[in-house]
Amino acid sequence: MENGKGKDKEITLSDEGNITMDWIYGVKPGTLLLGKKGLILGIANERSIAYGCAKVFHLIGAELAVTYRNEKAEGHVRPLAEELNCPIIMPCDVAVPGSLEAVFDKISEVWGGIDFILHSIASAPKEDLHGRVTDCSKEGFLTAMGDSCYSLIRTAHLAEPLMKNGGSILTVTYYGSQKVVTNYNVMGPVKAALESTVRYLAAELGIKKIRVNSISPGPILTRAASGIEHFDELMERVVTVAPEHKLVTIEDVGAFAAFLASDASRGITGGLHYIDGGYHIVG
Ligand SMILES: NC(=O)c1ccc[n+]([C@@H]2O[C@H](COP(=O)([O-])OP(=O)(O)OC[C@H]3O[C@@H](n4cnc5c(N)ncnc54)[C@H](O)[C@@H]3O)[C@@H](O)[C@H]2O)c1
C-alpha cells in the first residue's frame, strides 16, 4: 500500500465483504493514529460498536488497551484483542468499585500516559428497560445511570492526569435522548444525561487540551440492541426514511471515531455527532 489508493490490498472489515483502504477517507493505513495509545471500553463480541472502532484504530496505527466485563465475556473478547496485538487486555466492570481504577493503574504502569479513550458502555435492568419511564424503579434508574453515564465521568477523572499532552475522550449515545423513540424507554433520559455530561466535561477539560465528544450512531444489531424490544422495526424505519436509506455499520462508526480520536479533529469538542445516514434530520 503506497498511497492509500487501495488497489493493491483489500482487507475484510465486516461480513458485508471486502472494503478497500479508500473507504477510510483515503487515509494511508498506519498514519492517522500512528504512535497513539488508546483505551477501548465496551467490546462484548465481534458485533460490538467498540470492536468496529478498535479495528479501525488499530488499522491506522494505534496501540490499544481492551477490557472485557467479566469472565464470561473474556472468551469472546480476548481473541479479538489478541488479533489487534493489544498489550493490555483486562477485566473491567464499571459497577465494581476499583475495577476502572485498576485499568488506569495498569495503563499508567505500562504506557505512562494515554491519548484517547472510547467509552462504549450501556446497560439497564431488563424489567426497567422494557417498561414505561413512568414506572421505572429507582434501583433500575440508578443502575442505568451509573453504568452508562457516571462511568464516563469516572473515566474522564482517571484519564485526566494521564493525558499529559491532551487527548480525546469519546462516548456513544443514541437519538432516543433527543426525541421519544418507542421502546427506548429509560435509556432516553440516561443518554440525555450522557450527552450533557459530555458538554460539561469538555468545558472543564478543554484547558488541558482534552477534547470530549459523543457519537450517535443509527441502529446496529448488537447484543445491547437486542435488549430493546422491536429493534427490527427501528432498523426498518431508518432504511425507509433516512436520507441514505441504509443502516450504518460498526466500521462506519469506527472510521468517524478514528477521526475524532486523532489530532485531525483538533478544535472539535463538546459535540454530539450523528452517524446515522441522516436519520436525525427526518426521524
Ligand atoms: N447498537 C445500536 O444500535 C446503538 C446505537 C446508538 C448507540 N449505541 C450505544 O453504543 C454503545 C455500545 O453498545 P453496542 O450496541 O456496541 O452493544 P454491545 O452489547 O456490544 O456493547 C455494550 C457494552 O457495554 C458493556 N457494559 C455494560 N455494562 C457494563 C459494566 N457495568 N461494566 C463494563 N462494561 C459494561 C458490555 O459488556 C458491552 O461490552 C452503548 O452505549 C449503546 O447504548 C448503540
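Residues numbered from 1 in each chain as written. Predicted model: local features only at pLDDT ≥ 70, side-chain atom pairs only at ≥ 80, totals over all residues.

Enquirer: What exactly am I supposed to notice about the overall build of the protein here?
Expert: On a plain count of helices and strands, the protein comes out with eight helices and nine strands. Sorting the 283 residues of the protein into buried and exposed places 45% on the buried side. For the protein, contacts bridging at least 24 residues in sequence account for 71% of all contacts bridging at least 6. (Helix = DSSP H or I, 4+ residues; strand = E, 2+ residues; numbered from the N terminus. Buried ≥ 20, exposed ≤ 12 C-beta atoms within 10 Å, placed from the backbone. Contact = placed C-beta atoms within 7 Å.)

Enquirer: I would appreciate a short explanation of helix α3 (residues 99-110) in the present structure.
Expert: At 3.6 residues per turn, the α-helix brings residues three or four places apart onto the same side. End to end, α3 covers 17 Å across 12 residues, agreeing with the expected 16 Å (1.5 Å per residue, within 8%). Those residues of α3 lying buried are Leu100, Val103, Phe104 and Ile107. The buried side chains of α3 occupy one side of the element, clustering within an arc of 90° when seen end-on. Within α3, the exposed residues directed more than 90 degrees away from the buried face are Asp105 and Glu109. On its buried face, α3 is in contact with β3 (37-41), β4 (63-68), β5 (88-91) and α5 (138-159). Where α3 ends, the next residue or the one after it, Gly112, has phi of about 80°, a positive value. (Expected span 1.5 Å × (residues − 1). Arc of directions from axis to C-beta.)

Enquirer: How do you make sense of the nonpolar core when you look at a structure like this?
Expert: The tendency in soluble globular proteins is for nonpolar side chains to be buried as a group. Ranked by size, the top nonpolar core spans 80 residues in total, and within it Ile40, Ile43, Cys53, Phe57, Val66, Ala257 and Ala258 carry the most contacts. In terms of residue count, helix α8 (residues 250-261) provides more of this core than any other element does, nine residues in total. Leaving out residues up to four positions away in the same chain, Ala258 has contacts with Leu32, Leu33, Val56, Phe57 and Ile60. (Core = buried A, V, L, I, M, F, W, Y, C linked by C-beta atoms within 7 Å.)

Enquirer: Please explain the packing of α3 against α5 as it appears in this structure.
Expert: If you want to describe how two helices pack, look at the angle between their axes and the distance between the axes. The contact between α3 and α5 brings their axes to 10 Å, and the two run at 30°. With respect to each other, α3 and α5 are oriented roughly parallel. For the crossing formed where α3 meets α5, the hand is right-handed. In this structure, α3 uses Leu100, Glu101 and Phe104 to contact α5, whose residues at the interface are Arg154, Thr155 and Leu158. (Axes fitted to C-alpha atoms, helices over the stretch in contact; angles between N-to-C directions. Parallel < 35°, antiparallel > 145°, perpendicular 65-115°, else oblique. Left-handed = near helix turned anticlockwise from the far one by under 90°.)

Enquirer: Before we go on, may I ask you to explain unusual backbone geometry in this structure?
Expert: Where the residue is not glycine, phi is negative for most of them; where a peptide bond is considered, it is trans in most cases. One non-glycine residue, Asn85, lies in positive phi territory at about 55°. Structurally, the position occupied by Asn85 is in the loop between α2 (71-83) and β5. When the 9 C-beta atoms within 10 Å are taken as the criterion, Asn85 is described as exposed.

Enquirer: How do you make sense of the environment of Tyr68 when you look at a structure like this?
Expert: Note on placement: Tyr68 falls in strand β4. In this structure the C-alpha to C-alpha distance between Tyr68 and Pro91, which are 23 residues apart in sequence, comes to 4.8 Å. What Tyr68 contacts, discounting residues up to four positions off in sequence, is Ile43, Ala73, Glu74, Val77, Arg78 and Pro91.

Enquirer: I keep staring at the environment of Gly278 and nothing clicks. Help me out?
Expert: Tracing the chain through its elements places Gly278 in the segment after β9 (272-275). Through-space distance from the C-alpha of Gly278 to that of His245 is 8.9 Å; in sequence the pair is 33 residues apart. The residues touching Gly278, leaving out its near neighbours within four places in the chain, are Ala242, Pro243 and Glu244.

Enquirer: Please explain the pairing of β4 as it appears in this structure.
Expert: Within β4, six of the six residues are buried, which leaves the element mostly enclosed by the surrounding structure. Of the two faces of β4, both are covered, the one formed by Glu63, Ala65 and Thr67 as well as the one formed by Leu64, Val66 and Tyr68. Examined bridge by bridge, β3 and β4 share four bridges and lie parallel to one another. The residue bridging Ile40 from the neighbouring strand is Val66, located in β4. With respect to chirality, the unit in which β3 leads through helix α1 (residues 49-59) into the neighbouring parallel β4 is right-handed. Read from β4 through α2 to β5, the crossover connection turns out right-handed. (Pairing = 2+ DSSP bridges. Right-handed = clockwise from strand over helix to strand, strands pointing away.)

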